Amino acid sequence: MDLAGLGREFESALLQINRVKAAELFERCYVNDNSFPLLERLAIDTLERIGEGWENGTVSLSQVYMSGVICEELIEQYLPKLLVKRKIVPRMAIGVLQDHHGLGKRIVCSVLRAGGFELIDYGQGLTVEELVHRSLEDKLEVLLISTLMLPSALKVKAVKEALAEAGAETKVIVGGAPFRLDGELWKRVGADAFGDSAASVVRIIEEKTKGGAM
Ligand code: B12
């Protein structure tokens, strides 16, 4: 399959807000190997290019917004639905720090749930204080933080420090565009790990928690 060509067609369908065409292309990508990671790649790479188009003035904010909405609808339909056995350890939650880019968080959340993991969804637009308070209240072992904007990503440091001050040993795993663009950023903000996609999350959690036992 010519993934680059499919990506260009998908981008054009999104920019024209053509849901039918976008769905048809998504399905074409899916039937090729029945894998979620490939669909995830198609959505992320395309939205990234659209984001760049917005940055250099060739794409409007409404097109960016509608592209995000359409991708969200499509991904929702294709998320892996095969639940095996629920894993209740580690105690885990996910939230978007400061900003309101919720799609990545939603995907990570759904992929983990589809993989049998229990996790709490704290939602988006959270302050450092809210995130820390809820993590302590829920006695989390793993806190997943998604951020799409650099100022929000830098706030992870404050979350980590506040958790340490409170004596919590919660592992903080981060993801989102700023961490993908700067491969060392997660270390600078004191996170315990970084994942570049939803597909990578299960492996990281298993590594960080030795398969659940902390
Ligand atoms: C769609 C989009 C929007 C939509 C959001 C719709 C929604 N419901 O989420 C709308 C139009 C609303 C929007 C608004 C804004 N946006 Co915007 N947006 C984007 C865009 C184009 C795509 C983001 C996206 O949805 N990607 C697809 C998802 C699936 O990918 P993802 O989030 O990266 O998640 C994947 C991985 O990163 C990973 N992952 C994500 N989280 C986590 C967490 C963990 C723990 C792990 C392990 C993995 C993981 O797994 C996910 C699945 O694979 C990006 C461009 C980009 N390069 O990302 C800009 C971008 C993020 N936006 C940006 C900006 C500036 C804004 C606005 C401030 C614009 C404005 N002036 O109003 C507002 C702010 C809104 C707010 N307060 O939060 C900038 C941020 C720049 C910066 N350096 O900080 C970007 C980078 C665009 C740009 N190049 O300028 N945006």
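Residues numbered from 1 in each chain as written. Predicted model: local features only at pLDDT ≥ 70, side-chain atom pairs only at ≥ 80, totals over all residues. Heavy atoms only, no water.

Re the coordination of the cobalt atom of the ligand
No other protein atom reaches the cobalt atom of the ligand as a donor apart from His101 (NE2), found 2.2 Å away. Along the chain, His101 turns up in the loop between β1 (92–97) and α5 (103–114). (Donors = N, O, S within 2.8 Å, 3.2 Å for Na, K, Ca; no water. Helix = DSSP H or I, 4+ residues; strand = E, 2+ residues; numbered from the N terminus.)

Some details on helix α8 (residues 156–165)
For α8, the set of buried residues is Val156, Val159 and Leu163. Within α8, the buried residues cover an arc of 60° as seen down the axis, which keeps them to one side. Turned more than 90 degrees off the buried face of α8, the exposed positions are Ala164 and Glu165. (Buried < 20%, exposed > 50% of the residue type's maximum accessible area, 1.4 Å probe, protein only. Arc of directions from axis to C-beta.)

Details of the environment of Leu181
Looking at the secondary structure, you find Leu181 in helix α9 (residues 177–181). Separated by 61 residues in sequence, Leu181 and Ile120 place their C-alpha atoms 27 Å apart.

Remarks on the nonpolar core
Ranked by size, the top nonpolar core spans 39 residues in total, and within it Phe10, Phe26, Met92, Leu112, Leu144 and Ile205 carry the most contacts. Residue assignment for this core shows that the elements contributing at least two residues are α1 (3–15), α2 (19–33), α3 (36–55), α4 (61–78), β1, α5, β3 (142–146) and α11 (198–208). Looking at this core, you find at least three residues from each of domain 1 (3–78) and domain 2 (92–208). With residues up to four places along the chain from it excluded, the contact list for Met92 reads Leu112, Phe117, Glu118, Leu119, Ile120, Leu140, Val142, Leu144 and Ile205. (Core = buried A, V, L, I, M, F, W, Y, C linked by side-chain atoms within 4.5 Å. Domains from an automatic or database assignment. Contact = heavy atoms within 4.5 Å.)

A word on the domain arrangement of the protein chain
As a measure of interface size, the accessible area lost when the parts come together is often cited. Partitioning the protein chain into domains gives domain 1 (3–78) and domain 2 (92–208). Each of domain 1 and domain 2 has a C-alpha centre, and the two are 25 Å apart. Counting from both sides, the interface comprises 12 residues of domain 1 and, opposite them, 8 residues of domain 2. Across the domain 1 to domain 2 interface the summed buried area is about 800 Å²; carbon plus sulfur atoms make up 56%. For the interface between domain 1 and domain 2, the tally reads 0 salt bridges. Remark: the boundary between domain 1 and domain 2 carries 0 residue pairs in polar contact (both at pLDDT 80 or more). Counting residues per element, the ones that place at least two in the side of domain 1 that touches domain 2 are α3 and α4. Tallied by class, residues from the side of domain 1 that touches domain 2 come to 6 nonpolar, 1 polar and 5 charged. (Buried area = accessible area lost by both parts, 1.4 Å probe. Salt bridge = Lys/Arg side-chain N within 4 Å of Asp/Glu carboxyl O. Polar contact = N/O pair within 3.5 Å; in protein donor to acceptor, adjacent residues only side chain to side chain. Nonpolar A, V, L, I, M, F, W, Y, C, P; charged D, E, K, R; others polar.)

Remarks on the side chain of Asp138
Residue position: Asp138 is located in the loop between α6 (128–137) and β3. Among buried Asp, Glu, Lys and Arg side chains, Asp138 stands out as unpaired, with Arg91 the closest opposite charge at 4.6 Å. Side chain to side chain, Asp138 and Tyr122 meet in a polar contact 2.5 Å long. (Lys, Arg positive; Asp, Glu negative; His and termini not counted.)

Some details on the sheet that holds β1
The 5 strands lie next to each other as β2-β1-β3-β4-β5, forming an open sheet whose pairing is parallel. Looking at the sheet topology across the chains shown, the edges are occupied by β2 (120–126) and β5 (193–194). Note: β1 against β2, 4 bridges, orientation parallel. In the sheet register, Ala93 faces β2, and the bridge partner there is Ile120. (Pairing = 2+ DSSP bridges.)

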